[in-house]
Number of protein chains: 2
Amino acid sequence: MSARNARPIGVFDSGVGGLTVVRALMERLPLESIVYFGDTARVPYGVKSVATIEHFTAQITDFLLGQDVKMLIIACNTMAAVAARVVAERAVGIPVIDVIEAGSQAAVAQSPGGRIGVIGTPTTINSNAYARRIHALDARVRVHSQACPLFVPLVEEGWLDHPVTRMTAHEYLRPVLAEEVDSLVLGCTHYPLLKPLLRDVVGPGVRLIDSAVTTAELAARCLQEAGLAHTGTLPASYRYVVTDVPLRFQTIGERFLGRSLGLVERVDW
Amino acid sequence: MSARNARPIGVFDSGVGGLTVVRALMERLPLESIVYFGDTARVPYGVKSVATIEHFTAQITDFLLGQDVKMLIIACNTMAAVAARVVAERAVGIPVIDVIEAGSQAAVAQSPGGRIGVIGTPTTINSNAYARRIHALDARVRVHSQACPLFVPLVEEGWLDHPVTRMTAHEYLRPVLAEEVDSLVLGCTHYPLLKPLLRDVVGPGVRLIDSAVTTAELAARCLQEAGLAHTGTLPASYRYVVTDVPLRFQTIGERFLGRSLGLVERVDW
């Protein structure tokens with residue numbers, strides 16, 4: 001067992017949402033250590049300009065590279081949509097994967113009828129990043145996208161199974177469902193928490209693609225292929241680094257992570 | 001007419017919401033020039049820590065003092081709640097007013113039964129700033145507060161008269177209305193856009209205190225008392241300075257301002 005493979009995976013997001021990816025990684029790769037970075041002082045990125053998002057993304061990438069990570073996971077759809085190139089340019093020699101690549105691969109594999117729905121924040125949807133990656137994998141697939149700006153605040157309010165959330169979901173999903181999609185990509189790290197409600201709304205004929213789960217799958221394959229998987233017996237360690245510890249951070253973070261957060265470190269930028 | 005009185009009023013907020021205060025100022029004080037500062041790159045403040053909010057507030061105050069303003073208006077409830085002291089310490093020799101002071105004064109004046117409801121973001125409500133200021137004005141008044149975290153995203157989605165917003169408002173306001181309040185303070189600059197819907201929900205017996213309108217009133221009184229009112233015939237000028245020009249900024253900004261925004265300047269921090 002090389003010390004090289006014992007290095008942690010770096011996972012980052014604009015806030016707490018990426019903890020759904022950490023949760024999926026803990027389940028799929030229980031031996032791997034993780035350093036999570038959440039830019040809670042500057043969240044949300046989804047309403048910011050591309051130049052600003054690129055600048056913030058570069059800062060976070062450099063920070064995690066300084067933690068000697070063996071792989072980087074962009075767990076933020078907004079950063080993956082508009083700033084993946086910034087990460088790849090900096091992270092020379094280590095694999096970089098992101099939620100959009102993972103979700104797109106899974107959606108194409110699981111949509112025999114060639115019709116895929118994608119939901120996300122306005123920035124993710126307007127970037128057209130999912131449609132571009134899906135078409136690069138299979139040019140014949142038809143992609144139907146829908147921005148759902150209220151889903152993040154509804155999740156953060158904790159209204160995961162609430163009539164208001166249900167009514168909102170029906171309104172947002174009506175045009176996508178009218179296209180009779182085979183699958184629906186949950187293109188935002190907050191959305192896995194709405195899975196039970198969305199399952200009801202879309203009905204049994206539509207497969208939900210949870211990009212947290214698909215990202216953990218892709219990470220497992222990548223580590224294996226690169227010979228970087230950790231096979232030792234040491235318990236995995238988890239670190240959580242944020243730029244601000246806001247009100248209710250612990251509560252909301254633990255809802256996303258599905259377990260206790262432990263110690264949260266704060267860096268001051 | 002002194003050149004001193006022709007100087008602009010500086011108005012600031014964490015984002016676009018403070019434009020409701022600018023709109024009210026334009027109507028109440030049509031001769032006054034205004035420099036508006038919106039920290040759109042770092043919005044929202046409502047979920048950030050006090051230390052971070054103080055730091056950002058100091059930066060904005062210094063910027064506006066550099067624009068030779070004759071008065072400062074804190075049009076952001078979050079900054080008024082937790083960082084008003086930071087502004088007052090820097091703005092030596094010019095009047096500083098804020099939305100919480102204005103709303104509290106109006107609420108006390110318009111609540112003969114001594115029962116006041118206050119709604120706002122979680123940070124504003126948890127800061128207890130309205131209750132403290134109201135009690136400083138009249139210790140006998142009873143204040144019933146309620147955080148309404150979904151109202152800002154609902155306004156930004158443009159669902160000003162939508163069944164989802166109505167259902168959300170009924171849920172949030174139920175406990176406050178059960179206390180039979182005389183008035184309800186709209187303790188967030190986004191909320192004036194929900195006034196028609198909230199009027200329906202609270203019914204005719206409850207007076208809505210719009211802190212944009214009450215802030216413009218307080219500004220008019222303060223300028224008069226300080227001998228700073230502009231009485232010339234030159235047309236007022238309006239400048240809008242932001243830290244980022246995000247997606248849909250123009251659309252959302254104009255919805256708040258109620259007129260065309262014109263040129264928006266961006267500063268890079």
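The rules behind each value
Residues numbered from 1 in each chain as written. Chains lettered and ligands numbered in written order. Predicted model: local features only at pLDDT ≥ 70, side-chain atom pairs only at ≥ 80, totals over all residues. Heavy atoms only, no water. Least-squares fit on C-alpha atoms with pLDDT ≥ 70 in both. Contact = heavy atoms within 4.5 Å. Core = buried A, V, L, I, M, F, W, Y, C linked by side-chain atoms within 4.5 Å. Buried < 20%, exposed > 50% of the residue type's maximum accessible area, 1.4 Å probe, protein only. Helix = DSSP H or I, 4+ residues; strand = E, 2+ residues; numbered from the N terminus. Buried area = accessible area lost by both parts, 1.4 Å probe. Salt bridge = Lys/Arg side-chain N within 4 Å of Asp/Glu carboxyl O. Polar contact = N/O pair within 3.5 Å; in protein donor to acceptor, adjacent residues only side chain to side chain. Nonpolar A, V, L, I, M, F, W, Y, C, P; charged D, E, K, R; others polar. Axes fitted to C-alpha atoms, helices over the stretch in contact; angles between N-to-C directions. Parallel < 35°, antiparallel > 145°, perpendicular 65-115°, else oblique. Left-handed = near helix turned anticlockwise from the far one by under 90°.

Trainee: Looking at this structure, I do not really get the relation of the copies chain A and chain B. What am I missing?
Mentor: Once chain A is rotated about the relating axis by 180° and shifted along it by 0.0 Å, it coincides with chain B to within an RMSD of 0.0 Å. Within this description, the copies of the chain are treated as partners about a two-fold rotation axis. Interface overlap between copies: 100% of the residues of chain A at the interface are likewise at the interface in chain B, consistent with a symmetric, same-surface contact.

Trainee: Looking at this structure, I do not really get the nonpolar core. What am I missing?
Mentor: For soluble globular proteins, the rule of thumb is that nonpolar side chains tend to be buried together. The biggest cluster of nonpolar side chains holds 202 residues, and the ones touching the most others in it are Val11, Phe151 and Leu198 of chain A together with Val11, Phe151 and Leu198 of chain B. Here this core takes eight residues from helix α3 (residues 77–90) of chain A, the largest share from any one element. Those residues in contact with Val11 of chain B that sit more than four places away from it in its chain are Gly18, Val21, Val22, Leu25, Ile34, Val35, Tyr36, Phe37, Leu64, Ile73 and Ala75 of chain B.

Trainee: Would you explain the interface of chain A and chain B in this entry?
Mentor: Interface extent is often summarised as the accessible area lost during association of the parts. Across the contact, 30 residues belong to chain A and 31 residues belong to chain B. Interface area, chain A with chain B, both sides summed: about 2400 Å², of which 64% is carbon and sulfur. Linking chain A to chain B there are zero salt bridges. In this structure, the connection of chain A to chain B is made through 10 residue pairs in polar contact (both at pLDDT 80 or more). Looking at the side of chain A that touches chain B, the element that brings in the most residues is helix α8 (residues 163–177) of chain A, giving six residues. Class assignment of the residues belonging to the side of chain A that touches chain B gives a composition of 17 nonpolar, six polar and seven charged.

Trainee: How should the packing of helix α4 (residues 99–109) of chain A against helix α6 (residues 129–137) of chain A be read in this particular structure?
Mentor: How two helices pack is summed up by the angle between their axes together with the distance between the axes. Residues and elements named next belong to chain A. The interhelical angle for the contact between α4 and α6, taken along N-to-C directions, is 50°, at an axis separation of 9 Å. Taken together, the axes of α4 and α6 are oblique relative to one another. Viewed along their axes, α4 and α6 form a crossing whose handedness is right-handed. The residues of α6 that touch α4, namely those facing Val99, Ile100, Glu101, Ser104, Gln105 and Val108, are Ala129, Tyr130, Arg133, Ile134 and Leu137. When its residues are assigned to classes, the contact of α4 with α6 shows seven nonpolar, two polar and two charged.

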